[in-house]
Amino acid sequence: MSSSGTRRRAASVPDTDTDDGEPAVTLKKEIGLLSACGIIVGNIIGSGIFVSPKGVLENCSSVGLALIVWTLTGVITAISALCYAELGVTIPKSGGDYSYVKDIFGGLAGFLRLWIAVLVIYPTNQAVIALTFANYALQPLFPSCFPPERALGLLAAVCLLLLTWINCFSVRWATRVQDVFTTGKLLALCLIIIMGVVQICKGHFYWLEPEHAFHPLQPYDMGRIALAFLQGSFAYAGWNFLNYVTEELIDPYRNLPRAIFISIPLVTFVYVFANIAYVTAMSPQELMASNAVAVTFGEKLLGVMSWIMPISVALSTFGGVNGSLFTSSRLFFAGAREGHLPRLLAMIHVNRCTPIPALLFTCISTLLMLCTSDIYTLINYVGFINYLFYGVTVAGQIVLRVKEPDLHRPIKVSLAWPVIFLIFWAFLLIFSLYSEPVVCCIGLAIMLSGVPVYLFGVYWENKPKSFNSFVAKLTHLGQKLFMVVYPDYKNAQYCCLSKKPQSWQSSAPEQTMDK
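No experiment lies behind these values; they were computed from the predicted model shown.

With respect to the overall build of the protein
- Looking only at helices and strands, the protein has 21 helices and 2 strands in total.
- The 515 residues of the protein split such that 57% are buried.
- Across the protein, the fraction of contacts at a sequence separation of at least 24, relative to all contacts at a separation of at least 6, is 81%.
- Roughly 21400 Å² of accessible area belongs to the protein as shown, and the carbon and sulfur atoms make up 67% of that amount.

If you want it as structure tokens, here you go:
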């Protein structure tokens, strides 16, 4: 091995050369404004708006209140995204809320956020999206019955493997895939909205008239309305994914807030008007009886062209899998860089500058989830915890303002916005605990199972030499196998609060690799 053969580069600075004049290796800044919007929109719009807006309607008890919930949830999403935008440029590191929670509240809090994401959230979400893709892609081949489970699992696995290869091969290819499929799903939703406008022009707006829109299908209940907001919030999930790739964003100080200002209102508009379109063709009872609202909508209005809707859902979920793989791998990369995951996951390919170990780790964990039968139950358990950390992160923004008032903030929003979000957040969590105490407590137990892992893996620094030697050999083998090296962090611009943990410094020495 030769130190002169090393190609290295800081993860958050422009292209530089190494001391010997050779090009450096880094996560390149290749995500422009269009791709940034594609990441946000592509991750938010998955299968939900096509498949099950009925959950919001069931809990709201009226069409009018459901549309209000969709609108207000979009406003709250925009507020929380603005709070994350300030944190993203104040703590300019990839990793999103994991990095912010770790820097503000300490290593254990950050690790627990990472632990629940690694263990359940991302593998299960990706598995569900991939299975949804497989289900709708195969539906035209099985028009009168459900596709075989083995066929679903096989196609979902092929989808994951293909997209993992694309992400490993090139960041630019991955972002292009995201751009194309995001455009495709927006065109499909535009078709739904246009058909809804045509229906309104024909006079089919009975359920949009105020006296009918707010007629309750069942008595209003505050607890059920809170659940409707929670389900609406889950439909907007993915708004924070751009923060996971901050270091790969071109001019993040400008493009991060711009992408938010463009994407969140666009998604809110699409969600609200798609729901309006649905009720122009279906009664609330028909909508709530359908497990695939867009498909039912297409069957009613498109006739022989109704196959467009299941294909649209398949394309939408394919892009959703790509976006989730892209962003979640950066979260695991950031966790490994901070010493909270195995060091190999913090390395990138010497030529392609992609985090191949983190991507493969994400893919393998998702493939394992495809082998289980309880992934939907796991998502229910950790959904509460996921939203809990959103609130903790936004609360961290207020804490940071108090602890570090003079810290440079290229974007600084009014403190009224995080306060509004936290009031809404507390409202949802209180009613979630009241409505589903067992599910919430199991989610908390899964999160707290990370405490002993943190104590062993991170807090206990003086591990036996034999253990450290074994881990070092495995890491070295992984470097040779995947042709990966550490980026050079000596020039990285970290937040003044962020200090590399001792376990990271002692366990991640500078590595070299022959070309």
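A short note on the pattern of salt bridges
- A complete count under the given rule lists 13 salt bridges for this structure.
- The partner of Glu 86 in a salt bridge is Arg 401, with the nearest N and O atoms 2.8 Å apart. Here Glu 86 is found in helix 4 (residues 63–90), whereas its partner Arg 401 is found in helix 16 (residues 375–403), with 315 residues between them in sequence.
- Here the salt bridges share partners, and the residues they tie into one network are Lys 93, Lys 102, Asp 103 and Glu 338.

Some points on the packing of aromatic side chains
- One pass over the structure, following the stated rule, counts 27 aromatic pairs.
- Ring centres 6.3 Å apart and planes at 90 degrees place the aromatic pair Tyr 122 and Phe 332 in the edge-to-face group. Residue Tyr 122 is found in helix 6 (residues 107–138), and its partner Phe 332 is found in helix 14 (residues 308–337); the two are separated by 210 residues along the sequence.
- Since its relative accessible area comes to 4%, Tyr 122 is described here as buried.
- Relative accessible area serves as the criterion here: at 0%, Phe 332 is assigned to the buried category.
- Pairwise contacts between aromatic rings join Tyr 84, Tyr 100, Trp 239, Tyr 387, Tyr 390 and Phe 421 into one cluster.

Remarks on unusual backbone geometry
- A positive phi angle is found at Cys 353, which is not glycine, with a value near 60 degrees.
- Note that Cys 353 resides in the loop between strand 1 (348–349) and helix 15 (356–370).
- Judged by its relative accessible area of 4%, Cys 353 falls in the buried class.
- If you check the backbone angles, Met 483 has positive phi at about 55 degrees while not being a glycine.
- Relative to the elements of secondary structure, Met 483 occurs in the loop between helix 20 (465–482) and strand 2 (484–485).

Overview of a nonpolar patch on the surface
- On the surface, Phe 456, Trp 460, Phe 467, Phe 470, Val 471, Leu 474 and Leu 477 cluster together into a nonpolar patch covering about 670 Å² of accessible area.
- A per-element tally of the nonpolar patch places helix 20 first, with 5 residues.
- Here Phe 456 is to be found in helix 19 (residues 450–459).

Focus: the packing of helix 8 (residues 171–201) against helix 13 (residues 293–301)
- It is at 12 Å that the axes of helix 8 and helix 13 come closest, and there the two elements cross at 50 degrees. Between helix 8 and helix 13, the angle is such that the two are oblique. Once helix 8 is placed against helix 13, the crossing between them reads as left-handed. Contacts between helix 8 and helix 13 involve Ile 192, Met 195, Gly 196 and Gln 199 on the former and, on the latter, Ala 294, Phe 297 and Leu 301.

Some remarks on the side chain of Lys 463
- Mapped onto the fold, Lys 463 is located in the loop between helix 19 and helix 20.
- Of the side chains with opposite charge, Glu 461 lies nearest to the buried Lys 463, which makes no salt bridge, at 8.2 Å.
- At 3.3 Å, the side chain of Lys 463 forms a polar contact with the backbone oxygen of Phe 456.
- Filtering out sequence-adjacent residues up to four positions away, Lys 463 remains in contact with Phe 456, Gly 457 and Asn 468.

A closer look at the environment of Pro 252
- In this structure, Pro 252 sits in helix 11 (residues 252–281).
- In this structure, the C-alpha to C-alpha distance between Pro 252 and Ala 36, residues 216 residues apart in sequence, is 9.8 Å.
- Contacts of Pro 252, omitting those with residues within four sequence positions, involve Val 89, Thr 246 and Pro 257.

Some remarks on the state of the cysteines
- This model, assessed by the stated rule, comprises 0 disulfides.
- Free cysteine: Cys 441, not disulfide-bonded; nearest cysteine sulfur from Cys 440 at 6.9 Å.
- Under the relative-accessibility criterion, Cys 441 is labelled partly exposed at 44%.

Some points on the confidence of the model for the protein
- Per-residue confidence for the protein gives a mean pLDDT of 83; residues scoring 70 or more make up 87%.
- Contacts of residues 1–19 to residues separated by more than four positions or lying in other chains number 65 contacts, the stretch itself having pLDDT below 50.
- Across residues 490–515 the pLDDT falls below 50, and counting only partners more than four positions away or on other chains, this stretch makes 67 contacts in the model.

Let's talk about the environment of Thr 73
- Along the chain, Thr 73 falls in helix 4.
- Each C-alpha atom, one on Thr 73 and one on Ser 233, is 6.1 Å from the other, the two residues being 160 residues apart in sequence.
- Once you skip the residues sitting within four places of it in the chain, Thr 73 turns out to touch Phe 229, Gly 232, Ser 233 and Tyr 236.

Regarding helix 5 (residues 97–105)
- Counting buried positions over the 9 residues of helix 5 gives 8, a clear majority of the element.
- Among all positions in helix 5, only Asp 97, Tyr 98, Ser 99, Tyr 100, Val 101, Lys 102, Asp 103 and Ile 104 are buried.

Quick word on helix 20
- Taking 1.5 Å per residue, 18 residues should reach 26 Å; helix 20 reaches 26 Å between its end C-alpha atoms and fits that length.
- What helix 20 keeps buried is the set Thr 475, Gly 478 and Gln 479. Considered in projection along helix 20, the buried side chains sweep an arc of 105 degrees and stay on one side of the axis. The exposed residues of helix 20 that point more than 90 degrees off its buried face are Lys 465, Ser 466, Phe 470, Lys 473, Leu 477, Lys 480 and Leu 481.
- Where helix 20 is buried, its residues contact strand 2.
- At the exit of helix 20 stands Met 483, carrying a positive phi of roughly 55 degrees.

As for the nonpolar core
- The biggest cluster of nonpolar side chains holds 141 residues, and the ones touching the most others in it are Ile 45, Phe 50, Ile 192, Leu 242, Tyr 271 and Phe 421.
- In terms of residue count, helix 4 provides more of this core than any other element does, 15 residues in total.
- In this view, Leu 242 contacts Ala 36, Ile 39, Ile 40, Leu 249, Leu 256 and Ala 259; residues no more than four positions away in its chain are not counted.

What counts and how
Residues numbered from 1 in each chain as written. Predicted model: local features only at pLDDT ≥ 70, side-chain atom pairs only at ≥ 80, totals over all residues. Heavy atoms only, no water. Helix = DSSP H or I, 4+ residues; strand = E, 2+ residues; numbered from the N terminus. Buried < 20%, exposed > 50% of the residue type's maximum accessible area, 1.4 Å probe, protein only. Contact = heavy atoms within 4.5 Å. Areas by Shrake-Rupley, 256 points an atom, 1.4 Å probe, with all protein chains shown as cover. Salt bridge = Lys/Arg side-chain N within 4 Å of Asp/Glu carboxyl O. Phe/Tyr/Trp six-rings, centres within 6.5 Å; stacked < 30°, edge-to-face > 60°. Patch = residues over 30% accessible without salt bridge, like charges linked within 9 Å, V, L, I, M, F, W, Y side chains within 5 Å. Axes fitted to C-alpha atoms, helices over the stretch in contact; angles between N-to-C directions. Parallel < 35°, antiparallel > 145°, perpendicular 65-115°, else oblique. Left-handed = near helix turned anticlockwise from the far one by under 90°. Lys, Arg positive; Asp, Glu negative; His and termini not counted. Polar contact = N/O pair within 3.5 Å; in protein donor to acceptor, adjacent residues only side chain to side chain. Disulfide = S-S within 2.5 Å. pLDDT = per-residue confidence, 0-100. Expected span 1.5 Å × (residues − 1). Arc of directions from axis to C-beta. Core = buried A, V, L, I, M, F, W, Y, C linked by side-chain atoms within 4.5 Å.

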